[in-house]
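# Geometric and topological summary
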Amino acid sequence: MRPDRLNPLFAAAASLPSVGPAAVRALERLDIARVKDVLFHFPIGWRHTRSITHLADAREGERVAIPVTIVAHEPPRGRGPHRIAADDAGGLGLVLAFFGPRASGLAARFPVGSTITVAGRLDLWNGCFQIIHPEPVQGRVAEAEPVYPLTQGMTSRRLAALATSALERVPELEEWIEPSLLAKKGWPAFREALSLVHSNPESEAARNRLAHDELFASQLAWALVRARRRRVKGRALQGSGRLTDRLLESLPWPLTGAQRHAIAEIAGDMAQPAAMLRLLQGDVGAGKTVVALMALLFAVEAGAQGAFLAPTDLLARQHHATLQTMLGTLPVRLGFLSGRDKGKAREATLSALAAGEIDILVGTHAIFMGAVQYRNLGLAIVDEQHRFGVAQRMMLSEKADRPPHLLVMTATPIPRTLALAHFGEMDVSRLDERPPGRQPVDTRVVALARLDDVLDGLARHIASGAQAYWVCPLLDAGVEEEVQSDPDAAAPAVARAAMLKHRFGNSVALVHGKMPGAQRDAEMARFQSGAAKVLVATTVIEVGVDVPNASLMVIEAAERFGLAQLHQLRGRVGRGTAKSVCLLLRGENLSASAKERLKMMRATDDGFAIAEADLKLRGAGELLGTRQSGDQGFTIATPEQVSRLLPAADADARLLMARDGGLEGPRGAAARNLLYIFEKDAAVATLRGG
Ligand code: ADP
Ligand code: MG
C-alpha cells in the first residue's frame, strides 16, 4: 500500500485551488488528472515579452507589453471581432481585437481615454499593428515566462500557477539516488528539481534528475520482477508434435531458416521450468504469425492454454481470422475476447475459458483483465506492443498458479537500452530473413501538386481489380497559441475520403481512431472482403493489417511521418504476389531532415537500416514537448534522455538490489517511495511489507 505521505500527490487535480469543471476538462485533454500529473507536465521553453513604449521599436510577430491610450470602440459586425483603437505614446495606432465571448464587457475594462498597459503578440492587419486578445498588465511585466504544452481553455500562466500550488503538496522525501552518483552529477533533490523545472524550463540538471528518477523507478521495478521470477518456478511445456507436425504439413510454403531457428529457440525455452521471456524481432512481413502459432500449439499439445494479445481490436480480429484459416481442420478450440464483447457472449467466452474449453484465446488487453480466468494458461504471446510493462507482466503472472511463458513480438528493431526499459531483460530471437519470392515495393516520391495524376493512377489500379490504402496524417495539435481551438485530429482523412468518394463512390472506405468501434469494424470488413477498393485511414492501420490484394499505398504529407512509421505503413503492401507501389506524397518547402527521410525510404526497405537512420535523424536536439514521447512509454524522460541516462539508472537499480534486495534499509525504503510515485505498485507488491 502506498504510504499516506504520498497521497497528496495522487489527489485529484480538482483539489488544487480554483480548479473548476471547465479547467478539469481542459486538464484532462492534457492527460492531467492528479496533482502529480500537474507536476510532471513540464514547460517546454520560455515565452519572452519585451516592454516597449513606442510601436516604432517593435517587429511583427513579437510579443510586447506596451502602454496605450484607448481611443475608440468598434463593436463587432457579423462574425468579425470587437475592435478597440488605441494609440501608443507617440500617437501611433494599434488595434486590440477580441473575438467571440471575449468581446463582452470590454467598454468597462477598456474605457475610452484611459491608459492601460497591454501584452500580446503584434500582428500586422491591413497595414496596422494589431494584438488579438491582449492581456492587461498590472505592475511589472514578466520578461520571460515558462510556456507549457497547451490545449483549448488552458493557458501557460494558469499551468504555472497550478504547478506552484501543486509543489506545496510535495512532501520532503529521503533521497533514493546513490549519494556518490548524486554528488558526481550535481543534481538537486527531488522536490527542488520539480520546483526548478517549473520556474526555469532550461534547468538541465533538474530535468536530468527527474528523468533519471523515472528511469531508475522503471529499472528497479524490472529488477524486482526478475528477482520474483527467480523465486517462483514456471512450468515446463513439452510439445508432442501432434498438432505442430500437421500444421507444418498443411502450410502452403516451407518455413524460412530464420523461422525454424526461432521456433526451435522458443520450444527449447518452453521445455524449461523457468518461465520463458523472449522477444521475437522481425521486420514487417517476416512471418512472425506462424512462429506464434507454432508456440501456441506446443502449449496446447502439452495440455496448457495459450493467449495471444494484439494491441487493437482491429488487429486482434484479424489475427483471430488468420489463425482460424491456418488451423483449418486441426482440433484446436480458438476463442476471441475484446473490450467490445459484452453481456452473454462475453460470459460464454469467460466460462468456456475457465472450464478449459478454449485452447487459444485471441484478443486485446481484455484477455488479461481481472475477471478473466484461465484454467491453465501456459503461454502468452504479445504482438506489436510498444511496451509490456511491469504491471501488465504482474497481471499476467496472476493468471496462472505458475507464471506462464511469455513471447513478445515486435517489428520495431528496438535498441537494447529501450528493450530493457520497455520489456525488462529478455532473450532475443530474430527473423532476419524474408520469405522467398517477395518483390521489393516500388517507392516513389510525388509532389502533392501532381494529385490529379495520382488519382488517375489510382483509378487504373482499381480498374485492374487491385486494392489500395490511402493514409493521411493527423492534424498537428499546436502547443503555443492560446487562442487556437482544439482541432479534430482526423479531419484530413475525413476530408480526403469525402473527395475520393466523390470520384470513386462507395468503393471508398474510411477508418480513423475517433470513429465508433463498430463502424470502424464494418468499414474494415468492407475493405478486407474486397467490397471496398480504397481504404482511407489515419495511422490506425500502421501495424499488422494484412490484405494481400492491396498493392498500392499512398501516404499523404509523407514528410510529416517518422521513418519507422513510414516503414511500418509501407509494410502493409508487398504481401501478395503482385508488384506493389508506395507513393509518398510530399508538400512544399521540406526541411533537410524530411528530405533525408524520404530519400532513405526510396533507397532501402531494410527495417534495421531504417531504424538506425531514424535514431540518427531524430537526433539529440529534438525537443518532444507533447506526449509524442508517450509512445516510448515515459512521461518525463525524452527519447534522448532514455538513451543517455538509462544505462546508469539500470546499473544503479541492480546495485541497490544486490545490496538490499528486499528494499528494507534506509535507501531501500526511500526507493519504495520512488516506486510508488512512478506507479510501480505492482513491483512493490512483490516485496515483504509492500
Ligand atoms: P509479420 O507479422 O512478421 O509482419 P506475417 O506473419 O503477417 O508477418 O506474414 C506476412 C505474410 O507472409 C503472410 O501473408 C504469411 O502468410 C506469409 N508468410 C509467412 N511465412 C512465410 C514463408 N515461410 N514463406 C512464404 N510466405 C510466408
Ligand atoms: Mg504481424
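Residues numbered from 1 in each chain as written. Chains lettered and ligands numbered in written order. Predicted model: local features only at pLDDT ≥ 70, side-chain atom pairs only at ≥ 80, totals over all residues. Heavy atoms only, no water.

Across its full length, the protein chain carries 24 helices and 22 strands. On C-alpha atoms alone, the protein chain measures out to a radius of gyration of 29 Å, which is about the 26 Å that the 2.2 N^0.38 rule sets for 690 residues. Taken across its 690 residues, the protein chain has 52% of its residues classed as buried. Considering only intrachain contacts with a sequence separation of at least 6, the fraction spanning at least 24 residues in the protein chain is 73%. Surface exposure of the protein chain reaches about 30200 Å², of which carbon and sulfur atoms provide 53%. Charged side chains of the protein chain number 82 positive and 74 negative; the gap between the two group centres comes to 3 Å. (Helix = DSSP H or I, 4+ residues; strand = E, 2+ residues; numbered from the N terminus. Rg over C-alpha atoms; globule rule 2.2 N^0.38 Å. Buried < 20%, exposed > 50% of the residue type's maximum accessible area, 1.4 Å probe, protein only. Contact = heavy atoms within 4.5 Å. Areas by Shrake-Rupley, 256 points an atom, 1.4 Å probe, with all protein chains shown as cover. Lys, Arg positive; Asp, Glu negative; His and termini not counted. Charge placed at Lys NZ, Arg CZ, Asp CG, Glu CD.)

This brings us to the pattern of salt bridges. According to the stated counting rule, one finds 38 salt bridges in the structure shown. Note that Glu679 and Lys36 form a salt bridge whose closest N and O atoms lie 2.5 Å from each other. One end of the pair, Glu679, is in the loop between helix H23 (666-677) and helix H24 (681-684); the other, Lys36, is in helix H3 (residues 35-39), with 643 residues separating them in the sequence. Looking at Glu679, the relative accessible area reads 37%, which means it is partly exposed. For Lys36, a relative accessible area of 5% corresponds to the buried category. Arg340 is the salt-bridge partner of Asp521, the closest N and O atoms lying 2.5 Å from each other. (Salt bridge = Lys/Arg side-chain N within 4 Å of Asp/Glu carboxyl O.)

To continue, consider empty space enclosed by the protein. By the definition in use, this model includes 3 cavities of 30 Å³ or more. Reported here for the largest cavity is a volume of approximately 160 Å³. Around the largest cavity, the lining comprises 13 residues; the ones closest to its centre are Val225, Arg229, Arg393, Ser397 and Pro403. Elements supplying a minimum of two residues to the lining of the largest cavity: helix H8 (204-231) and helix H14 (390-397). Per element, the largest residue contribution to the lining of the largest cavity is 4 residues, and it comes from H14. (1 Å grid on protein atoms, 1.4 Å probe; cavity = no way out; pocket = protein on both sides within 12 Å on 5 of 7 lines; lining within 4 Å. Points joined across faces, edges and corners; volume = space filled by probe spheres on them.)

Cysteine pairs can be linked by a disulfide, which is a covalent bond between their two sulfur atoms. Tallied over the entire structure, the rule returns 0 disulfides. In this structure Cys582 is a free cysteine whose sulfur lies 14 Å from that of Cys472, the closest cysteine sulfur available. (Disulfide = S-S within 2.5 Å.)

This part covers helix H2 (residues 21-29). Those residues of H2 that sit buried are Ala23, Ala26 and Leu27. Viewed end-on, H2 has its buried residues packed into an arc of 100°, placing them on one side of the element. Seen from the buried face of H2, the exposed residues on the opposite side, beyond 90 degrees, are Pro21 and Arg25. Elements that come into contact with the buried residues of H2 comprise helix H5 (156-167). Residue Asp31 follows H2 closely and has a positive phi angle near 65°. (Arc of directions from axis to C-beta.)

Counting residues in each nonpolar core, the largest one holds 101 residues, and the members touching the most others are Trp176 and Phe368. For this core, the element with the most residues is H8, which contributes 13 residues. Discounting chain neighbours no more than four positions away, the residues touching Trp176 are Phe190, Arg209, Asp213, Phe216, Arg667, Ala670, Ala671, Asn673, Leu674 and Ile677. Within the second largest apolar cluster, 43 residues are counted, among which are Leu280, Phe298, Val300 and Met326. (Core = buried A, V, L, I, M, F, W, Y, C linked by side-chain atoms within 4.5 Å.)

The next thing to look at is the sheet that holds strand E21 (residues 550-555). Pairing within the open sheet is parallel, and its 6 strands lie in the order E17-E22-E21-E18-E20-E19. Single-partner strands in this sheet number two, and they are strand E17 (442-447) and strand E19 (508-511). Averaged over all neighbouring strand pairs, the angle between strand axes comes to 20°, with direction disregarded. Relative to strand E22 (residues 581-586), E17 is paired through 6 bridges, and the arrangement is parallel. Counted as the bridge partner of Arg444 is Leu583 from E22. In this fold helix H16 (residues 451-463) packs onto E17, strand E18 (467-471), strand E20 (534-537), E21 and E22, with an angle of close to 150° to the strand it touches most, E18. In the packing of helix H17 (residues 491-504) onto the sheet, the strands contacted are E18, E19 and E20, and the crossing angle to E19 comes to about 170°. (Pairing = 2+ DSSP bridges. Axes fitted to C-alpha atoms, helices over the stretch in contact; angles between N-to-C directions.)

Once the domains are mapped, the protein chain shows domain 1 (1-46 + 154-170), domain 2 (50-136), domain 3 (244-431) and domain 4 (441-604). Between the C-alpha centres of domain 1 and domain 3 there is a distance of 39 Å. (Domains from an automatic or database assignment.)

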